[in-house]
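Tertiary structure, described
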Amino acid sequence: MAKYKLFLLRHGEGAWNIENRFCSWVDQKLSEDGLEEARECGRLLKAQGYHFDQVFTSLLSRSVHTAWLVLEAMGHEWVPVVKSWRLNERHYGALIGLNRAEMALNHGEAQVKVWRRSYDVTPPPIDESHPYFFEIYNDRRYSSCDVPKEDLPRSESLKEVLDRLLPYWENVIVPEIKKGQTVLISAHGNSCRALLKHIEGISDADIVGVTLPTGIPILLELDEDLRPVRPRQLLGDQDKIQAAIKKVEDQGKAKQKDK
Ligand SMILES: O=C(OP(=O)(O)O)[C@H](O)COP(=O)(O)O
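Quick caveat, the model's predicted, so the values are computed rather than measured. (Residues numbered from 1 in each chain as written. Predicted model: local features only at pLDDT ≥ 70, side-chain atom pairs only at ≥ 80, totals over all residues. Heavy atoms only, no water.)

1. Comments concerning the overall build of the protein
Scanning the protein from N- to C-terminus turns up nine helices and six strands. In terms of overall dimensions, the protein is globule-like: its C-alpha atoms have a radius of gyration of 17 Å, near the 18 Å expected for 259 residues. Seen through its C-alpha atoms, the protein measures out along the principal axes to roughly 50 × 45 × 35 Å. A total of 259 residues make up the protein; the buried ones form 54% of that total. Considering only contacts in the protein between residues 6 or more positions apart, those separated by 24 or more positions represent 78%. A total of about 11,600 Å² of accessible surface is found on the protein, and carbon and sulfur atoms cover 50% of it. One finds the centroid of the 36 positive side-chain charges in the protein at a distance of 2 Å from the centroid of its 39 negative side-chain charges. (Helix = DSSP H or I, 4+ residues; strand = E, 2+ residues; numbered from the N terminus. Rg over C-alpha atoms; globule rule 2.2 N^0.38 Å. Buried < 20%, exposed > 50% of the residue type's maximum accessible area, 1.4 Å probe, protein only. Contact = heavy atoms within 4.5 Å. Areas by Shrake-Rupley, 256 points an atom, 1.4 Å probe, with all protein chains shown as cover. Lys, Arg positive; Asp, Glu negative; His and termini not counted. Charge placed at Lys NZ, Arg CZ, Asp CG, Glu CD.)

Okay, here's the thing in structure tokens:
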């Protein structure tokens, strides 16, 4: 018997999703399609009769903006939105800004899949010679985190994402859920994958096969210990959802041309 409902959402398409570049901690905005995906997500949730008491986002604009558009489309702009770097996308280190299809040509599709989807492989760290280093670390949003700026990640495996996300999940989000609040987490492909791995107990090997599309709400029905009582549900048209997942998987193919 489900006691709680939890919703996870990867933000709508961002500008660098279109360019097929690793975006990660670079603060790209939603594309026109991404804005519409977020609104459509809100309309769908409203039509299905859902509502939220609390929304959690990362510090990155694309997840915040997605949450705002979802709430606006639901007519629930008043719902509190709480932000933390701990829900940020995985830090892709020195890979940030690189084009996945070009990387697949240079390093092979298998290596790109390891970088993108493996559990415990950490990409090379970003350093001051990287074109986006100062844009990220000089940004004021990282001045008031719960760790000093110097201790923020310079690159992360999915495991390291889970390590920094878990304290926030356990200490901030779980208590809200256990109070009976219906929570939406508007985050990113890999921060949502890390949380799914934890909640669903997905193995290190099987998480490689989990890819999340943009703008599709994921409903988790949980028991009193926050364990799933049935498989996750990706809400919406199932053919479109499968096509959207394939689109994300195909980003790592060498032959793929940018839009
Ligand atoms: O910024 C990113 O994800 P996001 O679009 O969910 O924020 C990453 O670049 C996702 O890349 P990946 O799908 O190769 O893991």
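2. Examining the site of the ligand
Around the ligand, a shell composed of 15 residues is seen, among which Arg-10, Glu-89, Tyr-92, Arg-116 and Gly-189 lie nearest. The fraction of the free accessible surface of the ligand (400 Å²) that becomes covered by protein chains is 99%. A majority-of-atoms criterion places the ligand in the largest cavity. Elements represented by at least two residues in the shell around the ligand include exactly α5 (109-117) and α8 (189-200). (Near = heavy atom within 4 Å. 1 Å grid on protein atoms, 1.4 Å probe; cavity = no way out; pocket = protein on both sides within 12 Å on 5 of 7 lines; lining within 4 Å. Sits in = over half its atoms within 2 Å of the grid points.)

3. Remarks on the UniProt feature "site: Transition state stabilizer" (unreviewed entry) in the protein
In the numbering adopted here, UniProt assigns the feature "site: Transition state stabilizer" (unreviewed entry) to His-188. Among the structural elements, His-188 can be located in the loop between β4 (183-187) and α8. When its relative accessible area of 0% is taken as the criterion, His-188 is described as buried. His-188 has contacts with Leu-9, Arg-10, His-11, Ser-58, Leu-60, Arg-62, Ser-63, Leu-87, Asn-88 and Glu-89, leaving out every residue within four places of it along the chain. (UniProt positions renumbered as here; feature names shortened; annotations may be inferred.)

4. Section: the packing of aromatic side chains
When we look at a pair of aromatic rings, we describe it by the centre distance and by the angle of the planes. Applying the stated criterion across every chain, the model contains nine aromatic pairs. On the numbers, 4.9 Å between centres and 65° between planes, the contact of Phe-7 with Tyr-50 is edge-to-face. Of the two residues, Phe-7 sits in strand β1 (residues 4-10) while Tyr-50 sits in the loop between α2 (32-47) and β2 (54-57), which places them 43 residues apart along the sequence. Summarising the aromatic geometry, the rings of Phe-56 and Tyr-168 are spaced 6.1 Å apart at their centres and angled 85° between planes, so their arrangement reads as edge-to-face. Highlighted residues: Phe-56 in strand β2 and Tyr-168 in helix α7 (residues 158-178), separated in sequence by 112 residues. Take Phe-56: its relative accessible area is 1%, and that puts it in the buried class. Among the aromatic residues, those joined into a ring-pair cluster are Phe-7, Tyr-50 and Phe-52. In this structure, Arg-21 is placed above the aromatic ring of Trp-16, and the distance from its NZ or CZ to the ring centre is 4.0 Å. The residue whose ring lies beneath Lys-197 is Tyr-119, and the NZ or CZ to ring-centre distance is 4.1 Å. (Phe/Tyr/Trp six-rings, centres within 6.5 Å; stacked < 30°, edge-to-face > 60°. Lys NZ or Arg CZ within 6 Å of the ring centre and 35° of its normal.)

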